[in-house]
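Survey of secondary and tertiary structure
Single-letter residue listing:
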Amino acid sequence: MILPRLRLAIEAAGPWAPAFFLVLAVAAGGLRSPETWLLFGAVFLPWAALSIRGLAGAGLTAPLLFFFWVAVAALFSPGPLVSLGASSRYAVFGLLFFYAASSEEGDKRWLAAVYGLGLAAAAVFILQRIMGQYLTGLIGANPNYSTVFCAAGFPAAVLALSGTEEKKEKFLYSALALLLAAGIAAAASRGAALAAFLSAAAGLGFARRWKWLAGLFAAGLAAAAFLPASGLEILFKFHDPRAFARPRLWGAALDAAAASPLLGWGPGRFGEIFEAFKFPYFDGLSFYGHSTLHAHSEILNLAAEAGFPAAALFLLTAGAALYRGGREKFPLKLCALAAFIQGGADMIFYSGAAALLFWGSLGFSAGGAPAVGAAAPRGGAAVPVGGKLIAALCALCFFGLALGPVAGLFSARQEFISSAYREASLARNPALDLALARSAALESPKDVFAAAVEGGAFAAVGDAAGAEAAFGRALSLEPGFAGARLGLAVVYAASGRGGEACAELAILGRAPAAVPADPYGRGLVRFDRRAAEKLEKELCRKKKNGAATASRRMTR
């Protein structure tokens, strides 16, 4: 009796359910951690199991292939627990997409939720800008997670404004569009501004509202012309050189994808992948102190994590869904298009809420018949799926989401490594220390601290050549790494190369005394000053008889 009543209640709330889940995702911190994803899944997946009747309709083969490919990439991932958790999040996107694509109602509620969240984000940005606070928006510390809701709502509001004749609606949509644009301007998000402008222009162009399109371009030019110089600096982030390193980040993502083109390196693992493929970026002290969790482009992120086929299927999915539906779906298409454009240049899809915005809008825009005057896409016959199979899929998805918080607890490899480190520390086993250090350095070739530990381990077993190579590799990556330079000086001194050791100590003596604020920088400048002074006194200062001494000891 309980299950039928629950199903009736879910059906009654059906039109509002997707909008509710979108708001819930934003309220849950934007779904940026395994724990919040698990809580969200505990609410979403039971609803999906009771509500979804099938997984595809005519012309929607590409999404099925896309989600299947991501699942396969997770199974063959070098880090399967992390990747299975990430692929389960994609499964949630797929369930929402197919529900929305087959839903005959709910699209207006979904659009209302997008408008509401966009207005809330805009209000927060404007208030933070007025109060001089650090810009964060509604979700986390990255404002782009929130600006996507402004960017998604803006073109839909402009399209509605251009098509209505009622004064009340004109006023409401005018105010909505202006507030959303003000939110984007306050956030100074280049990606959101570009996405909002291009998607609004596309909507007006396809609707053949040429006067409105000309007005949009005129408004854009006027805003650029009257924007003060300080505003241009904020918008284009001239004060932040890292903002212009994004093409190099995309290049690193392409390098990673090219190294594993078929199935990638595993969904959810780009942060780890980047450590092996990242590029040098000098900030005044360090070259490799930067890191990222996402490629700042969903397409390239998918290519690196799940291979080039996943990226191609993602593009086909977006194209097929935007192609379907009639003119009444234009507002939803523009929401999806704006999220797609911004996701091509910003890391918005790291937030599950932003990804749900895209997949839900895409699903609703794919519902109904193909666009007027267009032939129906070939292939993609309906794939009926029974309720029991959907329920089983939801159960597997929940299990995958649960892997996220516990991935580190039940990793056999991690437990083995931890046990090896404990054994090495208790037994004082230099050979085991060296094996562990070499393993860590090979896994993270751009990690200078791992290279320095490897150099110390080589020194402990008396391998001067290995120690010199490891410390030299660390310094080739980070010339300002004081600890590695001291280690190299010790190796030179123990090898009887006093002149080279003194040269390294002289460089070390010229190091600035200021301590950087970031942990990576502090790690680079930290070294044993007493040991360096003692070695310099013993090795490089002339004694009364004019001779110099050199220590033959090799220390770690």
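Residues numbered from 1 in each chain as written. Predicted model: local features only at pLDDT ≥ 70, side-chain atom pairs only at ≥ 80, totals over all residues. Heavy atoms only, no water.

**Considerations on the confidence of the model for the chain**
The condition is simple: Values of pLDDT, ranging from 0 to 100, describe the predictor's confidence in every residue of the model. A run of DSSP states H or I qualifies as a helix once it reaches four residues; a run of E qualifies as a strand once it reaches two. Both are numbered from the N-terminal end. Only heavy atoms enter the contact rule, under which two residues are in contact if any of them lie within 4.5 Å.
In this model, the chain carries an average pLDDT of 84, and 82% of its residues clear a pLDDT of 70 or more. Confidence, expressed as mean pLDDT per element, reaches its minimum in the chain at helix H11 (residues 229-236) with 54 and its maximum at helix H14 (residues 298-306) with 97. For residues 369-384, every residue scores under 50 in pLDDT, and the model assigns this stretch 32 contacts once sequence neighbours within four places are set aside. With pLDDT under 50 throughout, residues 543-556 is counted as low confidence; its partners more than four residues away or in other chains account for 29 contacts.

**Section: unusual backbone geometry**
Positive phi outside glycine occurs at Leu31, with the angle close to 55°. Position of Leu31 among the secondary structure elements: in the loop between helix H2 (17-27) and helix H3 (34-51). Despite not being glycine, Arg208 shows a phi value in the positive range, around 60°. The topology assignment puts Arg208 in the loop between helix H9 (190-206) and helix H10 (210-226).

**What about the environment of Ile126?**
Position of Ile126 among the secondary structure elements: in helix H6 (residues 107-130). Ile126 has contacts with Ala182, Gly183 and Ala186, leaving out every residue within four places of it along the chain.

**Remarks on the nonpolar core**
Our working definition: By nonpolar core is meant a set of buried Ala, Val, Leu, Ile, Met, Phe, Trp, Tyr and Cys residues that side-chain atoms within 4.5 Å join together. Each residue's exposure class comes from its accessible area (1.4 Å probe, protein chains only) as a fraction of the maximum for that residue type: buried when under 20%, exposed when over 50%, partly exposed otherwise.
Within the largest apolar cluster, 90 residues are counted, with the highest numbers of intra-cluster contacts made by Phe44 and Trp359. The contact partners of Phe44, leaving out residues within four places of it in the chain, are Phe21, Val92, Leu95 and Leu96. The next biggest cluster of nonpolar side chains, apart from the first, holds 34 residues, and it includes Ala467, Leu477, Ala489 and Leu508.

**Looking at the state of the cysteines**
Where two cysteines share a covalent bond between their sulfur atoms, that bond is called a disulfide. Where we set the bar: Defined by distance alone, a disulfide is two cysteine sulfur atoms within 2.5 Å.
Under the defined criterion, the tally for this structure stands at one disulfide. Each disulfide pairs two cysteine sulfurs, and for Cys502 the partner residue is Cys540, the sulfurs being separated by 2.0 Å. Between Cys502 and Cys540 the disulfide shows an S-S torsion of about -110°. By sign, it is left-handed. You can see Cys502 sitting in helix H24 (residues 498-509) and its partner Cys540 sitting in helix H26 (residues 529-540), a full 38 residues away along the chain. On the accessibility criterion, Cys502 (21% relative accessible area) is partly exposed. You can call Cys540 partly exposed: its relative accessible area is 24%. In this structure Cys394 is a free cysteine whose sulfur lies 6.8 Å from that of Cys397, the closest cysteine sulfur available. A residue is classified by how much of its surface remains accessible, and Cys397, at 3% relative accessible area, is buried.

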